[in-house]
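Next come the chains, spelled out residue by residue.
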Amino acid sequence: MTVTTETQAIGATRAAEAPARPRFFTWRRFTTPIVVVVVLALLLLWVSTLQLDSIEQRTLNWGYITLRVGEHLSLTVVASALVAVLAIPTGILLAKTRSATVRNVILAIANIGQATPAVGVVILLAILWQTGYTTALVALVVYAFLPVLRNTMIGIQQVDANVRESARGMGMTPNQVLTRIEVPLAVPVILAGLRTALVFCVGVATIATFINAGGLGDMIVNGLKLQRYPVLVVGAVLVACIALLIDWIAGFAEDLLKPKGI
Amino acid sequence: MSESTATGITAIAQHTSGVEIVLDQVVKVYPGQQAPAVEDFSMTVAPGELVMFVGPSGCGKTTTMKMINRIIEPSSGSISIGGRDVLSLDPNELRRHIGYVIQQIGLFPHMTIAENIATVPKLLGWSKPRIAERVDELLETVQLDPGTFANRYPKQLSGGQQQRVGVARALAADPPVMLMDEPFGATDPITREKLQAEFLRLQESIGKTIIFVTHDFDEAIRLGDRIAVLSDRSRIEQFDTPANILAEPANDYVASFIGHGAALKRLALVPVVEATLGAAVGTSGAPTIELAGNLRDALDVLVLTGLPAVDVVDEHGRAVGSLSVDRISAVLGAELPGRTAGSRAGAR
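Since we're looking at a predicted model, the values are computed, not measured.

What follows deals with the overall build of chain B. The helix and strand tally for chain B stands at 15 helices and 13 strands. Overall, the C-alpha framework of chain B stretches about 70 × 50 × 30 Å when taken along its three principal axes. Classification of the 348 residues of chain B by burial places 42% in the buried group. A separation threshold of at least 6 residues defines the contact pool for chain B, and within that pool the share at least 24 residues apart is 69%.

This brings us to the overall build of chain A. Regarding its fold elements, chain A presents ten helices and zero strands. Start at the N end of chain A and walk to the C end: the helices and strands fall as α-α-α-α-α-α-α-α-α-α. Residue burial in chain A is summarised as follows: out of 262 residues, 35% are buried.

What follows concerns the UniProt feature "domain: ABC transporter" (unreviewed entry) in chain B. The UniProt entry lists residues 21–258 of chain B under the feature "domain: ABC transporter" (unreviewed entry), expressed in the numbering used here. Overall, residues 21–258 of chain B shows 39% helix and 24% strand. The separation of its end C-alpha atoms is 26 Å.

This part is about the interface of chain A and chain B. Between chain A and chain B, the contact holds 22 residues from the first and 23 residues from the second. Those elements that place two or more of their residues in the side of chain A that touches chain B are helix H7 (161–169) and helix H8 (174–204) of chain A. Here the side of chain A that touches chain B is built from residues that sort into ten nonpolar, eight polar and four charged.

All names here are of chain B. Of all six residues making up strand S8 (residues 209–214), six are buried, and the element is well covered by its neighbours. Residues of S8 alternate between two faces, with Thr209, Ile211 and Val213 on one and Ile210, Phe212 and Thr214 on the opposite face, all of them buried. Both strand S3 (residues 50–54) and S8 contribute to a ladder of five bridges, which runs parallel. Opposite Val51, over in S8, you have Ile211 as the bridge partner.

Let us look at the sheet that holds strand S10 (residues 235–240) of chain B. Residues and elements named next belong to chain B. Reading across from one edge, S6-S7-S8-S3-S9-S10 is the order of the six strands in this open sheet, with mixed pairing throughout. Of all the strands in the sheet, the pair left with one neighbour each is strand S6 (98–102) and S10. When the angles between neighbouring strand axes are averaged without regard to direction, this sheet yields 15 degrees. Here strand S9 (residues 226–231) runs beside S10; their pairing, made up of five bridges, is antiparallel. Looking at S10, one finds that Leu230 is bridged to Ile236. Sitting on the sheet, helix H2 (residues 61–68) touches S3, strand S7 (177–181), S8 and S9, and the angle it makes with S8 is about 155 degrees.

All names here are of chain A. Remark: helix H9 (residues 217–225) packs on helix H10 (residues 229–257), axes separated minimally by 7 Å, with the N-to-C direction vectors making an angle of 155 degrees. With respect to H10, the element H9 is oriented roughly antiparallel. Between H9 and H10 the crossing geometry is left-handed. Counted together, Met219, Ile220, Asn222, Gly223 and Leu224 of H9 and Tyr229, Val231, Leu232, Val234, Gly235 and Ala236 of H10 form the full contact between these two elements. Broken down by class, the residue content of the contact of H9 with H10 amounts to eight nonpolar, three polar and no charged.

A few words on helix H6 (residues 128–141) of chain B. Residue and element names in this part refer to chain B. An ideal rise of 1.5 Å per residue puts 20 Å on 14 residues; H6 measures up with 20 Å between its terminal C-alpha atoms. Looking at the buried side of H6, the elements it contacts are helix H4 (113–117), helix H5 (119–123), helix H7 (146–149) and helix H8 (159–171). Looking at the residues trailing H6, positive phi occurs at Gln143, about 60 degrees.

Right, let's get into the confidence of the model for chain B. Residues and elements named next belong to chain B. Here chain B shows a mean pLDDT of 86. Residues at 70 or above account for 93%. Below a pLDDT of 50 lies the segment residues 334–348, which in the model reaches 20 contacts outside its immediate sequence neighbourhood of four places, other chains included. Note on the complex model: pTM 0.78, ipTM 0.78.

Right, let's talk about the UniProt feature "transmembrane region" (unreviewed entry) in chain A for a bit. Residues and elements named next belong to chain A. UniProt's feature table lists "transmembrane region" (unreviewed entry) at residues 30–52, 72–94, 106–127, 133–149, 185–211 and 231–253, given in the numbering used throughout. In residues 30–52, helix accounts for 83% and strand for 0%; the two terminal C-alpha atoms are 34 Å from one another. Taken as a whole, residues 106–127 contains 91% helix and 0% strand, while its terminal C-alpha atoms sit 25 Å from one another.

This part takes up the UniProt feature "domain: ABC transmembrane type-1" (unreviewed entry) in chain A. Taking the numbering used here, the UniProt-annotated feature "domain: ABC transmembrane type-1" (unreviewed entry) corresponds to residues 69–250 of chain A. End C-alpha atoms of residues 69–250 of chain A are separated by 18 Å, and the span's content is 83% helix alongside 0% strand.

Quick look at the packing of helix H3 (residues 62–96) of chain A against H8 of chain A now. All names here are of chain A. One can describe the packing of H3 onto H8 by two numbers: an axis separation of 9 Å at closest approach and a directional angle of 145 degrees. Crossing angle aside, the handedness with which H3 passes H8 is right-handed. Only Ile190, Leu194, Ala197, Leu198, Cys201 and Val202 of H8 make contact with H3, whose side of the interface consists of Thr76, Ala79, Ser80, Val83, Ala84 and Ile88. Of the residues contributing to the contact of H3 with H8, the split by class is ten nonpolar, two polar and no charged.

The next thing to look at is helix H4 (residues 100–115) of chain A. If you check H4 of chain A, its first and last C-alpha atoms are 22 Å apart, about what 16 residues at 1.5 Å a residue would give, namely 22 Å. Within H4 of chain A, only one of the 16 residues are buried, leaving the element largely exposed.

Right, let's talk about the confidence of the model for chain A for a bit. Looking at chain A as a whole, the pLDDT averages 84, with 91% of positions reaching at least 70. The model gives residues 1–20 of chain A a pLDDT under 50, and that stretch makes 24 contacts with residues more than four places away or in other chains.

Residue and element names in this part refer to chain B. Strand order in the open sheet formed by four strands is S2-S1-S4-S5, with antiparallel pairing between adjacent strands. The open sheet terminates on both sides in strands that have one partner only, identified here as strand S2 (38–45) and strand S5 (84–85). Of the pairings in the sheet, the one linking strand S4 (residues 76–81) to S5 comprises two bridges and is antiparallel in character. Across the sheet, residue Ile81 finds its bridge partner in S5, namely Arg84. Across the face of the sheet, H2 comes into contact with strand S1 (21–28), S2 and S4 while running at roughly 120 degrees to S1.

Its place among the elements puts Gly169 of chain A in helix H7. Given 24 C-beta atoms within a 10 Å radius, Gly169 of chain A is considered buried. Not counting the four nearest positions on each side in its chain, Gly169 of chain A is found in contact with Asn69, Ile71, Arg95 and Tyr100 of chain B.

Rules used throughout
- Residues numbered from 1 in each chain as written.
- Chains lettered and ligands numbered in written order.
- Predicted model: local features only at pLDDT ≥ 70, side-chain atom pairs only at ≥ 80, totals over all residues.
- Helix = DSSP H or I, 4+ residues; strand = E, 2+ residues; numbered from the N terminus.
- Buried ≥ 20, exposed ≤ 12 C-beta atoms within 10 Å, placed from the backbone.
- Contact = placed C-beta atoms within 7 Å.
- UniProt positions renumbered as here; feature names shortened; annotations may be inferred.
- Nonpolar A, V, L, I, M, F, W, Y, C, P; charged D, E, K, R; others polar.
- Pairing = 2+ DSSP bridges.
- Axes fitted to C-alpha atoms, helices over the stretch in contact; angles between N-to-C directions.
- Parallel < 35°, antiparallel > 145°, perpendicular 65-115°, else oblique.
- Left-handed = near helix turned anticlockwise from the far one by under 90°.
- Expected span 1.5 Å × (residues − 1).
- pLDDT = per-residue confidence, 0-100.

Given below as structure tokens:
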């Protein structure tokens, strides 16, 4: 995680004391979307020069691709949202719990979820439960839970003890210290965890195809099985582009949501 | 919250200038430790008094101070502020009426200076216009321009400026009592001296009851109305005015704490007017010393010029007399009569 120092612009004379806020809209900020657009344009150009056979035509058309991209995005976004809703409160509770045992047990469980290969989690769940979208979703949540949980916990714990003490010393109740001081100060770290989770999910969602839950994994696997490389390449490039774009949007959101002054 | 608690808080909150603080046989024993961190600590601090706790690191001075606002809960004993038993009040409510400044300042990095200062008034439910007015007033008090600083973030301020904000924040709800834990400890010597001078001026106008913890004896002499020299387990070795402690340290421990140059330190506390002045010399062009100055400054001039005497001038620049080394020494000698019983009253 990179921590960019960001402060409000306060005039050049004080630049030595506090670096002026970097410009928000720079070329660098738009590198990712520009690259993605160029790559997609080249892909389109390349595909349009190909003679597609009937199998390829069934896959490489706008309707099919939009459907798969939609499924993929839906899996990713819904899973990440669920992770946020579940892992952030758990992380806060874990950071506040006095029992080291509880903390270690929950961290161990989350670790297992992450350490098991994603394919394993998806397929095990499908065997134990059912195939389809919901199972893929659950598997994704299990898989992406740890980074958000851990970052929330660390984010809260790393709040300067002096800041916490002065908050208490001024008469804030423990809840006020949590909501007004600790959580806002943990936001950058929590967001970094969510960003990691989102990118994880984009990648792992390709596996959903194995349990019949759709997504761009369908294109990749079909392309491989049927030896139709244009299909494979389009699927793979699309997944990569989605991952890049989502990471870019998350980075953008991080900068916007991060409290000023830190 | 019980009714008695509510009235207790109100009683403390009503005061804006200092109230009495009484600690009676306060003990703190940390669980799992045999020796108490604070042993049987008793002290009465008069309203509007600035009491310095001086002692080496780990002697329990900070622990003692933090029991007053219950950041640390005492194991036994009683503490009262303005006649109200602190231990029977809701700790969060209590802390809103006690100013608290710590060495690391602990400003909230994600809040502007104005928001930082507004913390306690907001907790107390003040109206927005009242808070805004108070914030501006306080920034002026600590000599920071509200227009420039109100909307900045702590990171954009220098250490000295942050410390001033820390003091302003502690003063926000005009509490009768302030607890300060080495508030100027982390600043450079020049800034520290400036902050100390400002702080003294401020205290003159606000008259809070202040407990001020430091390990710097010179700071204690400079600021304190009375100094409590503490040793292990927060034992009071001597509790007296700076002049009395310098003139007559109660024991070797206190003497070692004063260190070298006790006489010079004392001279800094004695205003020129207390000396018996000789006739004015009237050497033209020679440096003079003002009546409002102190004897150390006068001695400084004597040493620097090598003259036998320096003229003392009043606020209009008229020479009203002169000071020589002999006359300065006489003042110290005159202050030496046998110590009063009161000077060891606090010691146990």
